[in-house]
Amino acid sequence: MSPTMLLQSLPQALPEDAPVETVELANGASQAAAAHGDGGLNILQLILHASLPVQLVMALLLLASLASWIIILRKKRVLDRAEKEADRFEETFWSGTELSKLYADASSRNRQIEGLEAIFEGGMREFNRIRQRRGVDARMQLEGAQRGMRAAASRELDGLERNLEFLANVGSISPYVGLFGTVWGIMISFQGLANVKEATIATVAPGISEALVATAMGLFAAIPAVWAYNRFATRAERMAVRYETFSEEFSSILQRQTHVDD
């Protein structure tokens, strides 16, 4: 083999500029990774750098979450008060107090009644009103009292179940709204790759991270709303059964009283 051919077969040295460019690219990538790694996951920065449609989705989900928590706290207070009032009135009702005295206390205008006491007052008021008529039999008196109790129970249940449908809507719709924001953000990130010659994970990672925040916020709004809806709907249903049971028991008492009077 000639000396010329031997020299050509040896590995050629890299250009002098290649090590410099390689080092610069490596340093740039390491600095970008360090900048994201040292600061941790900054949710606020991701939200501020997101596209306008994604920011609108996040704002909508934030408002839905705040409204849900306001309803959750208020509804818990309403149901707790309704259960305590029911316990208090049942204890008084079954303690042997006369019905006339209970009705006088319930119909007094210096306080607002609710729950079982409102049902009792509605039934007793209709019973006394029909009883004052002439030629009215016991069956009509009892039916009037039952109608009054049903109307009062419907009003009470409406107050207990009010705004529960909002929690159900937030729990079912929020994940899809967050997913829409995520899809939109990812679409914008990949669209930006058209102007990049060499696409890397570092190029699309910030945009995808910003988009995924929308999904996280959707779950953050949906999970408490779903839990609260199931919890409060169950408690409201139990109160409905309690109201119905009391109405049946009070109807039996009124029926016995009409027979005694006859």
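Peer 1: Can you explain the nonpolar core? Please cite residues and give values.
Peer 2: In terms of nonpolar packing, the biggest core is built from 36 residues, with F93, I119, F120, L167, Y243, F246 and F250 touching the most fellow members. Looking at this core, the elements that each hand over two or more residues are α4 (52-93), α5 (99-106), α6 (116-131), α7 (138-161), α8 (164-191) and α9 (201-261). Here this core gets 10 residues from one element, more than from any other, and that element is α9. If near-sequence neighbours (up to four positions away) are discounted, Y243 is found in contact with A82, G115, L116, I119, E156, L157 and L160. Residues V57, M58, L61 and M217 belong to the second largest nonpolar core, which totals 7 residues.

Peer 1: I'd like a rundown of the pattern of salt bridges, residues and numbers included.
Peer 2: Here the structure, examined in full by the defined rule, presents 13 salt bridges. Where D105 meets K101, a salt bridge forms, and the shortest distance between an N and an O atom there is 3.4 Å. Residue D105 and its partner K101 are located together in helix α5, separated by 4 residues, close to a single helical turn. Owing to a relative accessible area of 35%, D105 belongs among the partly exposed residues under this scheme. Residue classification places K101 among the partly exposed positions, given a relative accessible area of 47%.

Peer 1: Could you give an account of the packing of aromatic side chains, naming the residues involved and the relevant values?
Peer 2: This model, assessed by the stated rule, comprises 10 aromatic pairs. When the centroid spacing of 4.9 Å and the interplanar angle of 90° are considered together, the rings of F93 and W94 count as edge-to-face. Seen from their ring centres, F93 and F120 are 6.0 Å apart, and the 70° between their planes marks the pair as edge-to-face. Residue F93 is located in helix α4, and its partner F120 is located in helix α6; the two are separated by 27 residues in the primary sequence. A connected cluster of aromatic rings, assembled from ring pairs, spans F89, F93, W94, F120, F246 and F250.

Cut-offs and rules
- Residues numbered from 1 in each chain as written.
- Predicted model: local features only at pLDDT ≥ 70, side-chain atom pairs only at ≥ 80, totals over all residues.
- Heavy atoms only, no water.
- Core = buried A, V, L, I, M, F, W, Y, C linked by side-chain atoms within 4.5 Å.
- Buried < 20%, exposed > 50% of the residue type's maximum accessible area, 1.4 Å probe, protein only.
- Helix = DSSP H or I, 4+ residues; strand = E, 2+ residues; numbered from the N terminus.
- Contact = heavy atoms within 4.5 Å.
- Salt bridge = Lys/Arg side-chain N within 4 Å of Asp/Glu carboxyl O.
- Phe/Tyr/Trp six-rings, centres within 6.5 Å; stacked < 30°, edge-to-face > 60°.

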